[in-house]
Structures are given as structure tokens and as C-alpha cells.
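# Examination of the molecular architecture
Residue strings, one per chain:
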Amino acid sequence: MKNIFSLSILTLALVTSMSSCLPDPIDIDVPPAEQKTVVSSQIVPNQIMVVGLSRSFSALSSGANEDSVSDDFLADILIDSALVTVEHPAGLDTLYKLAPGIYASIDVLLVNYGNYTLHVLDYKTGKSVKATTYLSPQVAFDSVAPYFQIANGDTSLYVHYEMRDDQSRQNYYVVNYYRKSQGDSTFDINSYFQRGQNQLNSFDLLSDVDFDGDGYLAKNRELFGIGYNDTIAVTVSNISQGYYEFLSAFKRSGSFVNQLSGEPINYPTNVENGYGYFNAHYPTISFFELVDYH
């Protein structure tokens, strides 16, 4: 008992001694990062060009740490008043506001190639940004179709697609899988379905190395979280190397491209004095009513 008592006294003395050596806590004032414009964009073929604009925010800000996003927080990060123009091979167009943070033009004349330059002036902050992207020729699948596979009593949904790569140039592609949703969905500035909303389910990124020596690719892609009788859309686009790298960074992080729930400060960007990515890829869209495939 004496030895145990002595050991306890020694331990207490050691802990007390160590505690007295700890420095006093130091208050650290971390200045917030400069608020900048965040850009996203999309083209709905033969319909509209849409540009999403918001302001970056610190992960330490109160609005970023709430369980739900407040109206005041959205009012602060969504750019509600701005001059937005797109310069392209056919001229210059001014985009109009569809909703806070969403600007569109039905007059942008798309061609199969060329540079598109976005200019944005945020009237509230007085800050301006510029971004230039290249519109690559439109591509299409050789074939694409969903199918169901039953194994061990479980039913799985796959999409089979085949396509060819132009081996005369370096190409990058994105294949998106959308589910038609009648309720709330992941933020997406596309509008592919006439009724209901888009819900981006997943996407594939392809480059020349994914094709065989003859420039041919056949792939079976399993999809999750889609109902037996849902409607889906599959799109394919020829994208720039910069946008491919941007999407690759998001995919590695485990996030979909969602400018409203993620701050893309550490990701590749083509926006001067801002964040995000301005792109002008031209998707080819295929729709499928899954009820027709079982």
C-alpha cells in the first residue's frame, strides 16, 4: 500500500509539474479570405446559355456552419445585381437575370468551335471578373441505352454506351447521368426535363487514354439511387482540358459540382480574380423512361 501511495504522489507531482509548464493560451485572429466571385455555366442545346454567379464565403462564417441556409446568407453570397456579358465568335450578348445568382441568354449564337469570354461586374461590390473558355465540336454516342440486370435476387441498373474518339487531336469528355426529380434536388443550372427538376446522379470523365488503339470505347456504368420507373437523361460533352481538371478535382474530393455548398478555392479555375470555372461545352442529350426497359 505504501508503494502504491508513493507512486500516486509521484504521478500527481509529475502531472502538476507538466501542467505548470504549459504556456498560456494565445488568441489567434485569422482574417477571412477575400470575398471573390464564383462562376459556373452551362449550355442547354438549342435553348439557352446559363451562368451561375455567387460570392465565396469563409468556412468559419456563421452561415456556413448552420444546419440550414438562411435567407440573409443566400442574399450575401448570391449575386443579385450585375452586368454579365459573353463575347463569342458571332458577337457580344448581354445576359439577363432569371433569379438571384442565375443569368441567361437565348441570343448567344453557338458555333462548333471558338473562344467564349465572360465578363462580370458585380454592382454591389464593384468587383469584376473575366474568364475565357473554348467551345469544342459537339460529340455524340455511337449508341447508349439503359438495362436492368438481376443477380441473386437484386436488380441493378446499368447504362451501356459506345463512342469513338477523334485521334487527330487530344480530347476530354464528361458523361453526366441525371434523374428526373419532382422535389428538391441538387443545385443544377441545367433544365433538361420539361417538368420536374434535374438531379445529378453521377458523372464519368474520359480522356484519350480510356479509348483503345482504334479510338473506340464501350462501357457499362452502374447507377445507384434511381427508381425502377424513373426517367433519366444521359449527356455527353467534349470539354476543355482545364474543365476536365476542374471536374477531376471535385470528383477526387467526393463532391458533385455544387457552387452553393462547396467553396472551390483550392480547385483549378479559369476565372481571373475569382473562383469556379466558366465552360461552354455543348452536350448531346438522350432521355430514357426506365419503365420501357423492364
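Since the structure is predicted, the reported quantities are computational estimates derived from the model, not experimental observations.

Helices and strands together make up the secondary structure of the protein, namely three helices and 17 strands. Looking at the 294 residues of the protein, the share that counts as buried comes to 43%. Across the protein, contacts joining residues at least 24 apart in sequence account for 63% of those joining residues at least 6 apart. Accessible surface, the protein: about 16,300 Å² in total, of which carbon and sulfur atoms supply 51%.

Before going further, it helps to spend a moment on the sheet that holds strand E9 (residues 143-151). Reading across from one edge, E9-E10-E13 is the order of the three strands in this open sheet, with antiparallel pairing throughout. Looking at the sheet topology across the chains shown, the edges are occupied by E9 and strand E13 (216-223). For this sheet, the mean angle separating the axes of adjacent strands, direction not counted, is 25°. Note: E9 against strand E10 (residues 154-164), nine bridges, orientation antiparallel. Opposite Gln149, over in E10, you have Ser156 as the bridge partner.

Moving on to the confidence of the model for the protein. With 72% of its residues at a pLDDT of 70 or more, the protein shows a mean pLDDT of 80. E13 holds the highest mean pLDDT among the elements of the protein, 97, whereas helix H1 (residues 2-21) holds the lowest, 41. Considering only residues more than four positions removed or in separate chains, one finds that residues 184-196, a stretch of pLDDT under 50, has 49 contacts.

A separate point is the environment of Ile239. Along the chain, the position of Ile239 falls in strand E14 (residues 231-239). Among the residues examined, Ile239 registers a relative accessible area of 3% and is labelled buried. Between the C-alpha atom of Ile239 and that of Pro137, which follows or precedes it by 102 residues, the distance is 9.1 Å. If we ignore the near neighbours within four places in the chain, the residues touching Ile239 are Tyr172, Tyr173, Val174, Leu205, Tyr244, Leu247 and His281.

Take the side chain of Asn201 next. Tracing the chain through its elements places Asn201 in strand E12 (residues 197-207). In this structure Asn201 comes out as buried when scored by relative accessible area, which is 18%. A distance of 3.1 Å separates a polar atom in the side chain of Asn201 from a polar atom in the side chain of Ser202.

Below, the discussion takes up the pattern of salt bridges. In total, this model carries seven salt bridges according to the counting rule given. Here Lys127 makes a salt bridge to Glu34, at a shortest N to O gap of 3.5 Å. Placement of the pair is Lys127 in the loop between strand E7 (114-122) and strand E8 (128-135) and Glu34 in the loop between H1 and strand E1 (37-44), with a sequence separation of 93 residues. Among the ionic pairs, Asp204 bridges to Arg221, the shortest N-O distance being 2.7 Å. Of the two residues, Asp204 sits in strand E12 while Arg221 sits in strand E13, which places them 17 residues apart along the sequence. One continuous salt-bridge network, built from bridges that share partners, spans Asp204, Lys219 and Arg221.

Okay, the sheet that holds strand E3 (residues 82-88) next. Sheet architecture is open: five strands sit in the order E4-E3-E7-E8-E15, paired in antiparallel fashion. With partners counted over all chains shown, the strands left at the sheet margins are strand E4 (91-94) and strand E15 (271-272), one partner each. Here two bridges tie E8 to E15, and the two strands are oriented antiparallel to one another. Within E15, the residue paired with Ala131 across the bridge is Val271.

What follows concerns the pairing of strand E5 (residues 96-99). Where E5 and strand E6 (residues 102-105) come together, three bridges link them in antiparallel fashion. For Tyr96, the partnering residue across the bridge sits in E6 and is Ala104. Once E5 ends, the chain turns through two residues before running back antiparallel as E6, passing Gly101 with a positive phi of about 85°.

Quick look at the side chain of Asp204 now. Judged by relative accessible area, which is 4%, Asp204 ranks as buried. A polar atom in the side chain of Asp204 sits 3.2 Å from the side chain of Tyr161. Not counting residues within four places of it along the chain, the set of residues in contact with Asp204 comprises Tyr161, Tyr173, Val174, Val175, Tyr177, Lys219, Arg221 and Lys251.

Cut-off values and rules
Residues numbered from 1 in each chain as written. Predicted model: local features only at pLDDT ≥ 70, side-chain atom pairs only at ≥ 80, totals over all residues. Heavy atoms only, no water. Helix = DSSP H or I, 4+ residues; strand = E, 2+ residues; numbered from the N terminus. Buried < 20%, exposed > 50% of the residue type's maximum accessible area, 1.4 Å probe, protein only. Contact = heavy atoms within 4.5 Å. Areas by Shrake-Rupley, 256 points an atom, 1.4 Å probe, with all protein chains shown as cover. Pairing = 2+ DSSP bridges. Axes fitted to C-alpha atoms, helices over the stretch in contact; angles between N-to-C directions. pLDDT = per-residue confidence, 0-100. Polar contact = N/O pair within 3.5 Å; in protein donor to acceptor, adjacent residues only side chain to side chain. Salt bridge = Lys/Arg side-chain N within 4 Å of Asp/Glu carboxyl O.

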